[in-house]
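Each chain, written out:
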Amino acid sequence: MLDLKYVRDHMDQVQQMLRNRKLDMDLTRLVRLDANRRRILVEVEELKRQRNVASEEISLAKREKRDASRLIEDMKDVAQRIKAMDQELAVIEERMNDELLLIPNMPHESVVVGGDEKDNPVIKTWGSPPAFDFAPRNHWDIGESLGILDFERAAKMTGARFALYWGQGAALERALINFMLDVHVRQHGYTEVLPPFMVNSSSLVGTGQLPKFKEDLFKLEGRDYYLIPTAEVPVTNIHMNEVLEEEDLPKYYTAYTPCFRSEAGSYGKDTRGLIRQHQFNKVELVKIVSPDTSYQELENLLLNAETILQKLNIHYRVVSLCTGDLGFSSAKTYDIEVWLPGQNTYREISSCSNFEDFQARRANIRLRRKGKSKTELAHTINGSGLAVGRTLVAVLENFQQQDGSVLIPPVLQPYLGNVERIETIH
RNA sequence: GGAGAGAUGGCCGAGUCGGCUGAAGGCGCUCGCCUGCUAAGCGAGUGUGGGGUGAAAGCUCCACCGAGGGUUCGAAUCCCUCUCUCUCCGCCA
C-alpha cells in the first residue's frame, strides 16, 4: 500500500498513475475521510489530555484524603465524549484502510506507459528457436503419446485444469525442481526454505493478493486458511512485523511449493495442456533488501532466473511490463518468456518484480540502519525461478524428436538417473 | 478433543490492594571519557505509530505492555472473547 501522507501530498501523481494503469478509482472519498479524521483527532486528543490531567489530580486528592467526587463527576461526561469520538474514528480509519489497500503501487520511472501486453518492450533475447525438419507438436500431444501426462484421469479424480504425471514425466518434474533449487542455493547464494502451503488472510494482505483478488484464491471452508497462489506469500511474510538489521540484509530465499489458483475469469484460455492449471509447481526467489540496492537486486534476480533456461539451453526473451500490464503490487516487473515451438509462441515462465516498500508497508517489514534508531521500510523483490510445469512444457516442446521421443538436457540427466531421452515404453 | 500455564520495549526480565510505570533492573546498541592496543571501567543517550506547530532543527500532545471488546473519573494491572506458545492426557503421519 502507498503511504497515506504520500497520497495526500502527491494527489496528481497518484491520479496519473491510476490513469497509466488503466484504472478508474475515485480518491476524493479517501481525501475527505483523511481530513475528517484529523479534525476529530485533534478534538479527542485534547479531551484525552484533559482527562489525563484530571486523573492525576484525582489520584493526588485521594492520596491526600481530599474529596474528588466533583472532579470525577465532571470526568464522566468527558469520558463519554471520548468514547463516542473514538468509535467514530475507528469507523473512519477502517474505511480509509479499505480504500488505501485498493490503491496499486506507483510504477518505477523506467516503466513504459502502455495499455496492455502488446506495449511491453522486449529487453533482451537469448538463444534462438530450434530448427525442426518436421512440424513440432505441442506438449500435450507429446506428453500423452509418451504416456507421461494424463489429463483425462486428472479430470476424473479432480476436475478440469489438473494434471496427472506418470513415470518419467513425474520424475522430470521432480528433477527440474531439484535442479532449480540446487542452482539457486549453490550458485546464487539463496537459502532454501520449505514454507506452509496454506497461509492466513493477513499474509495475503501483506503481499497484496487481498483484499482485491480474493476470487483468484482457494480458501478452506470455515477457516482463515488459503492455499498459496505462490510461494511469494509465505516466504515474503517470514519477516512480517520484524525489524531487520541492515547488516543482516539482503535476505535471499528460494522455495519450492505447489501453487493454487482458481483462474477465475480465464475460462476459455489455455484449456489444453499444462500451461494454466489450478495447481502447479514453482521454485520461487524472494529477496528482502535495503531500498538503496533494490533495483540492482532485481536485475540480479532476473539473471538468476534466466540462468536456469540458459543451463537448459532453451531460447527465451525478457520483456518489461508496461504500466497497463503491471501487477497491482509491483513497481517494476520483468517477464521471462520462453519459446514454445509446439505453439509457435513465447509464454511467460517467470515474472520478476520489485515491490519497493509496497508489500513491506502492508506486512510491516522494516530495517534499521547501523547507528540509526529510526526504522524504515525494507524493499521486497521476487520472481519465479522458474515455473516448473511450464519449464517441463518447454523441455518437451524444444527437445522433441521426430520419432516422438524427447531428449533430456544434459544438466538434468544426473537428476534422472542419467537417462538421456524419454521415449514410449512398449 | 480434554486439563492446566503463559504472552511486557531490539533481547532477557520486574510490575505490590487498578492512580507520576512508556513502563524498574540487566543485556545489546550509539556518542563521549579513560587506559599504549583490546577487554574492563565511567558518563550520557537509546521503542513504535499518529496528530498539532514550524522553512527546518525542534517543541508539544495522543495512543500502544499478544489482538479485540468491557468495567472505571482512571487499566500492563480487574472481566469477557479470540490468537499464539508451553506442559500433561487422548488421537495420529
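Residue indices follow the written sequence of each chain, beginning from 1 at its first position. The order in which chains are written sets their letters, starting at A; the order in which ligands are written sets their numbers, starting at 1. It should be noted that, the model being predicted, local features are given only for residues of pLDDT at least 70 and side-chain atom pairs only at 80 or more, the latter also being counted only at that level, while totals for whole chains, interfaces and linings use all residues. To obtain the side-chain values, all non-hydrogen atoms of the structure were used and water was disregarded.

Q: When you look at the overall build of chain A in this model, what are you seeing that I'm missing?
A: In DSSP terms, a helix is any run of H or I states spanning at least four residues, a strand is any run of E spanning at least two, and both are numbered starting from the N terminus. A count of helices and strands for chain A gives twelve helices and 17 strands. Expressed as a percentage of its 426 residues, the buried residues of chain A come to 48%. Contacts are assigned to residue pairs that have any heavy atoms within 4.5 Å of one another. Here the contacts in chain A between residues at least 6 apart in sequence split such that 74% fall between residues at least 24 apart. Per-residue and other accessible areas follow the Shrake-Rupley method at a 1.4 Å probe size, with only the shown protein chains counted as cover for residues. Counting every atom, chain A has about 20,900 Å² of accessible surface; 48% of that belongs to carbon and sulfur. Neither His nor the chain ends contribute to the count of charged residues, in which Lys and Arg are positive and Asp and Glu negative. Lys charges are placed at NZ, Arg charges at CZ, Asp charges at CG and Glu charges at CD. Within chain A, the 62 negative side-chain charges are centred at a point lying 4 Å from the centre of the 55 positive side-chain charges. Per-residue accessibility, obtained with a 1.4 Å probe over protein chains only, is compared with the maximum for each type, and a residue is labelled buried under 20%, exposed over 50%, and partly exposed between these values.

Q: Just to check I follow, could you spell out the environment of Ser55 for this structure?
A: Position of Ser55 among the secondary structure elements: in helix α3 (residues 28–63). The class for Ser55 is partly exposed, based on a relative accessible area of 41%.

Q: Which parts of the structure should I look at to understand the packing of α3 against helix α4 (residues 69–100)?
A: The description of two helices packed together rests on the angle between their axes and the distance between the axes. Fitted lines through C-alpha atoms serve as axes, helices being fitted only where they are in contact, and the angles separating the N-to-C directions of these axes extend from 0 to 180 degrees. Packing of α3 against α4 brings their axes to within 8 Å, and their N-to-C directions diverge by 150°. By the angle between their axes, α3 is roughly antiparallel relative to α4. Note that α3 runs across α4; the crossing there is left-handed. Residue composition of the contact of α3 with α4, by class: 18 nonpolar, one polar and 14 charged. Note on angle classes: values under 35 degrees are labelled roughly parallel, values over 145 roughly antiparallel, values of 65 to 115 roughly perpendicular, and the remainder oblique. The hand of a helix crossing depends on one turn: near helix anticlockwise from the far one by less than a right angle means left-handed, and clockwise means right-handed. All amino acids are sorted into three groups, where Ala, Val, Leu, Ile, Met, Phe, Trp, Tyr, Cys and Pro are nonpolar, Asp, Glu, Lys and Arg are charged, and the leftover types, Gly among them, are polar.

Q: Looking at this model, I keep getting lost on the confidence of the model for chain A. Mind explaining?
A: Residues shown with low pLDDT carry predicted positions that ought not to be read at fine detail. The pLDDT value tells you how sure the predictor is about a given residue, anywhere from 0 up to 100. Per-residue confidence for chain A gives a mean pLDDT of 91, with 99% of residues at or over 70. Across the assembled chains, the prediction reports ipTM 0.83 with pTM 0.92.

Q: I would appreciate a short explanation of the sheet that holds strand β13 (residues 365–368) in the present structure.
A: Sheet strands pair via backbone hydrogen bonds, and the direction of the pair is either parallel or antiparallel. The strand order β7-β13-β14 describes an open sheet built from three strands, whose pairing is mixed. Each edge of the sheet is formed by a strand with only one pairing partner; in this case those strands are β7 (242–245) and β14 (375–377). The average undirected angle you get between the axes of adjacent strands in this sheet is 40°. Pairing geometry for β7 and β13, over four bridges, is parallel. Opposite Val243, over in β13, you have Arg366 as the bridge partner. Here, strands pair whenever DSSP counts at least two bridges between them.

Q: Is there a simple way to think about helix α10 (residues 294–312) in this case?
A: Note: α-helices contain 3.6 residues per turn, so residues at a spacing of three or four share the same orientation. Expected span of a helix: the number of residues minus one, times 1.5 Å. Between its first and last C-alpha, α10 extends 28 Å over 19 residues, near the 27 Å set by a 1.5 Å rise per residue. Inspection of α10 places Ser294, Glu297, Leu298, Leu301, Leu302, Asn304, Ala305, Glu306, Thr307, Ile308, Leu309 and Leu312 among the buried residues, and these make up the whole buried set. Positioned one or two residues after α10, Asn313 has a phi angle of 65°, which is positive.

Q: Even after reading the chapter, I still don't get the domain arrangement of chain A, so can you show me in this structure?
A: Size of an interface: often given as the accessible area lost when the parts come together. An automatic or database domain assignment provides the domain bounds reported here. By the assigned domains, chain A splits into domain 1 (4–100) and domain 2 (117–422). Spacing between the C-alpha centres of domain 1 and domain 2 amounts to 44 Å. At the interface, four residues of domain 1 touch seven residues of domain 2. Simply put, the buried area is the total loss of 1.4 Å probe accessible area from both parts when two parts are fitted together. With both chains or domains summed, domain 1 and domain 2 bury close to 420 Å², and 38% of this area falls on carbon and sulfur atoms. On the domain 1 side of the contact with domain 2, Asn20, Arg21 and Leu23 bury the most area, a combined 82% of that side's loss. The salt bridge definition used is simple: a Lys or Arg side-chain nitrogen within 4 Å of an Asp or Glu carboxyl oxygen. The interface formed by domain 1 and domain 2 holds zero salt bridges in total. Nitrogen and oxygen atoms within 3.5 Å of one another constitute a polar contact, given that in protein one can donate a hydrogen and the other can accept it, and given that sequence-neighbouring residues count only through two side-chain atoms. Inspection of the region where domain 1 meets domain 2 yields four residue pairs in polar contact (both at pLDDT 80 or more). Class assignment of the residues belonging to the side of domain 1 that touches domain 2 gives a composition of one nonpolar, one polar and two charged.

Q: What am I meant to see in the packing of aromatic side chains here?
A: Note on aromatic pairs: each is described by the distance of the centres and the angle between the planes. In summary, the pairing rule links any two rings of Phe, Tyr or Trp, Trp by its six-membered ring, whose centres are within 6.5 Å, and it sorts them by plane angle into stacked for under 30 degrees, edge-to-face for over 60 and tilted for everything else. The full count for this structure, using the stated rule, is seven aromatic pairs. Plain terms: the ring middles of Phe132 and Phe134 are 5.3 Å apart, the flat faces sit at 75° to each other, and that makes the pair edge-to-face. Residue classification places Phe132 among the partly exposed positions, given a relative accessible area of 23%. On the numbers, 4.9 Å between centres and 65° between planes, the contact of Trp339 with Tyr346 is edge-to-face.

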